[in-house]
Amino acid sequence: MSTRARGTDPSGRTRWCRSGLGRFRRWAANEKPAAVAMSFLVLLSVAAIAAPIVAPYDPLQQDLGSILKGPSFSHPFGTDELGRDMLSRVIFGGRISLATAAIAVAIAGSVGGLAGLAAGYVERVPGALIMRFMDFLLAVPGILLAITIAAVLGNGFWPATIAVTVISIPAFARLARASVLSTKQEEFVQSTKSAGAGHSYLMFRTIFPNALSPLIVQASVAAATAILLEAALSFLGLGTQPPSPSWGTAMALGKSYLKQSIWYALMPGLVLTATVFSIDTIGRALQRTWGGNTLDSAAGRGA
C-alpha cells in the first residue's frame with residue numbers, strides 16, 4: 001500500500017494539523033488553569049450561540065406565581081421580580097457581553113494595530129500626531145469616556161459597543177507602535193529593506209506579522225475590559241435596556257431586591273466574574289508563553 005493510501009496528505013496539511021494539535025495539547029498540559037478557563041469560555045459561547053435551544057425558558061416569559069424565588073430544580077438560578085427564569089436570562093445575556101467583546105476587540109485591534117503600525121513605521125510628524133491623539137484618549141478615564149460616548153449616542157447595544165470599542169483602540173495602538181519600533185531594528189528587516197522591498201511589503205509582510213504576539217495577548221485584556229464596561233454601562237442604564245436580558249441590567253435591577261432574594265443579582269455577577277477571570281487567566285498564560293509585560297504595563301483600562 002502506498003504512503004498516500006495511509007492518509008498522508010501530499011500537501012502536508014495533515015502533518016501541519018497534527019503538529020498544531022500536539023503543540024496545543026502540550027500548552028494545555030503546561031497551562032492547566034488556562035485550559036480549564038478556555039473550556040468554560042467555550043461552553044459559555046456555545047450556550048450563548050445556541051441560547052434558544054439551551055435555555056430552559058423564554059427569557060421574557062413571566063410567571064407571577066414564582067416571583068423572586070431562590071435556586072431550585074426548575075429554576076437553578078432563581079427568578080426575578082416578574083418570575084422570569086434567571087438562568088435563561090443569564091444565558092441570553094451572555095450573547096450581549098460576548099458579542100460586545102468580539103466586536104470591540106476585532107475593530108479596536110484592527111484600527112489600533114494599523115494606527116500603531118503607521119506611527120511606528122513613519123515615526124515623523126504623521127506618526128507623532130497619531131500617538132498624541134491616542135495619548136489624549138488614554139488620558140481620559142475609560143469608564144468616563146465610555147459613559148460620555150454612550151450618553152451622546154443614546155442607550156442600547158450599539159452605542160455601548162461603540163463606546164467600548166473607542167476606548168480600546170489606544171492600547172492596541174501603543175503596543176503595535178512599540179512592537180513595530182523594536183522589530184524594525186531586526187537584521188532580517190534591514191536585509192529585506194536592502195534587497196529593495198517597498199514600504200507596503202516591509203510594513204505588512206515583514207514587520208507587522210512579527211509584531212503580532214503582544215497584540216494577541218492584548219486582545220484578551222481588551223475582551224475582559226469590554227465585558228466589564230458593557231456590564232457597567234448596562235448597570236448605569238446606558239447599555240442594553242430592559243426587558244432585554246443583560247448581565248449588567250440584571251445586577252442593576254437585582255440590587256433593589258437584595259433582602260428578598262440575593263440570588264437575583266448574585267448569579268449574573270458570578271457568571272460575569274467567572275467570564276472575566278477566565279479571559280484574564282488565558283491572557284496571562286499567553287503572556288508567559290510569548291513573554292513581554294503586556295498585561296501589567298500597557299494593558300487596557302479597567303471599568
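Our structure's up above, just so we're on the same page.
Treat the numbers as computed from the prediction; the structure is a model and nothing was measured.

**Focus: the overall build of the protein chain**
Scanning the protein chain from N- to C-terminus turns up 12 helices and zero strands. Listed by position from the N terminus, the elements making up the protein chain come as α-α-α-α-α-α-α-α-α-α-α-α. A sequence separation of at least 24 residues applies to 69% of the contacts in the protein chain between residues at least 6 apart. Of the roughly 15800 Å² of accessible surface on the protein chain, 64% is carried by carbon and sulfur atoms.

**Digging into the nonpolar core**
In this structure, F77, M134, I227, L233, W247 and L272 are the most contacted members of the largest nonpolar core, which totals 69 residues. Setting aside residues up to four positions removed in sequence, I227 forms contacts with S97, L98, A101, W247, L272, T275, V276 and I279.

**Here we look at the side chain of D85**
Examined against the element boundaries, D85 turns out to sit in the loop between helix 3 (51-54) and helix 4 (86-122). Here D85 is buried and forms no salt bridge, its nearest opposite-charge partner R89 lying at an N-O distance of 8.9 Å. Within the local environment of D85, its side chain forms a polar contact with the side chain of S88, the two groups lying 2.7 Å apart. In contact with D85, other than residues within four places in its own chain, are P56, Y57, S74, H75, P76 and G78.

**A few points about the packing of helix 2 (residues 32-49) against helix 12 (residues 263-290)**
Taken N-terminus to C-terminus, the directions of helix 2 and helix 12 make an angle of 135°; their axes are 8 Å apart at the nearest point. With respect to helix 12, the axis of helix 2 lies oblique. Taken as a pair, helix 2 and helix 12 cross one another with a handedness that is left-handed. Side by side, helix 2 and helix 12 meet where P33, A34, A37, M38, F40, L41 and L44 of the first sit next to A274, T275, S278, I279, T281, I282 and A285 of the second. Looking at the contact of helix 2 with helix 12, its residues break down into 11 nonpolar, three polar and no charged.

**Regarding unusual backbone geometry**
With omega at 10°, the peptide bond leading from P242 into P243 counts as cis. Counting through the fold element by element, P243 comes out in the loop between helix 10 (213-235) and helix 11 (247-254). Backbone geometry at L68 places phi at a positive 55°, although glycine is not the residue there. Checked against the element boundaries, L68 lands in the loop between helix 3 and helix 4.

**Observations regarding helix 10**
When the terminal C-alpha atoms of helix 10 are compared, their 34 Å separation across 23 residues agrees well with the 33 Å that a helix rising 1.5 Å per residue should span. In terms of residue burial, helix 10 counts as a mostly covered element, since 18 of its 23 residues are buried. At the exit of helix 10 stands G237, carrying a positive phi of roughly 90°.

**Describing the pattern of salt bridges**
Inspection of every chain in the model, using the stated rule, returns six salt bridges. In this structure, R89 engages D80 in a salt bridge whose closest nitrogen and oxygen atoms are separated by 3.9 Å. One salt bridge in this structure joins E81 and R84, with 3.9 Å as the shortest N-O distance. The structure contains a network of salt bridges with shared partners spanning D80, E81, R84 and R89.

**Quick word on a nonpolar patch on the surface**
A contiguous nonpolar surface patch, about 440 Å² in accessible area, is contributed by L258, I262, W263, L266 and L270. Examined against the element boundaries, L258 turns out to sit in the loop between helix 11 and helix 12.

**Section: the side chain of T100**
When you line up the elements, T100 lands in helix 4. Polar side-chain contacts of T100 include one of 2.8 Å to the backbone oxygen of I96. Setting aside residues up to four positions removed in sequence, T100 forms contacts with F157, T161, V164, A226 and E230.

**Regarding the packing of aromatic side chains**
Scanning all chains against the criterion turns up two aromatic pairs. Taking 5.0 Å as the distance between ring centres and 75° as the angle between the ring planes, the aromatic pair formed by F157 and W158 counts as edge-to-face. Centre to centre, the rings of Y257 and Y264 are 6.0 Å apart; their planes meet at 25°, and the pair counts as stacked. Looking at K184, its charged tip hangs above the ring of Y121, at a distance of 5.8 Å from the centre.

Thresholds, definitions, all that
- Residues numbered from 1 in each chain as written.
- Predicted model: local features only at pLDDT ≥ 70, side-chain atom pairs only at ≥ 80, totals over all residues.
- Heavy atoms only, no water.
- Helix = DSSP H or I, 4+ residues; strand = E, 2+ residues; numbered from the N terminus.
- Contact = heavy atoms within 4.5 Å.
- Areas by Shrake-Rupley, 256 points an atom, 1.4 Å probe, with all protein chains shown as cover.
- Core = buried A, V, L, I, M, F, W, Y, C linked by side-chain atoms within 4.5 Å.
- Buried < 20%, exposed > 50% of the residue type's maximum accessible area, 1.4 Å probe, protein only.
- Lys, Arg positive; Asp, Glu negative; His and termini not counted.
- Salt bridge = Lys/Arg side-chain N within 4 Å of Asp/Glu carboxyl O.
- Polar contact = N/O pair within 3.5 Å; in protein donor to acceptor, adjacent residues only side chain to side chain.
- Axes fitted to C-alpha atoms, helices over the stretch in contact; angles between N-to-C directions.
- Parallel < 35°, antiparallel > 145°, perpendicular 65-115°, else oblique.
- Left-handed = near helix turned anticlockwise from the far one by under 90°.
- Nonpolar A, V, L, I, M, F, W, Y, C, P; charged D, E, K, R; others polar.
- Expected span 1.5 Å × (residues − 1).
- Patch = residues over 30% accessible without salt bridge, like charges linked within 9 Å, V, L, I, M, F, W, Y side chains within 5 Å.
- Phe/Tyr/Trp six-rings, centres within 6.5 Å; stacked < 30°, edge-to-face > 60°.
- Lys NZ or Arg CZ within 6 Å of the ring centre and 35° of its normal.

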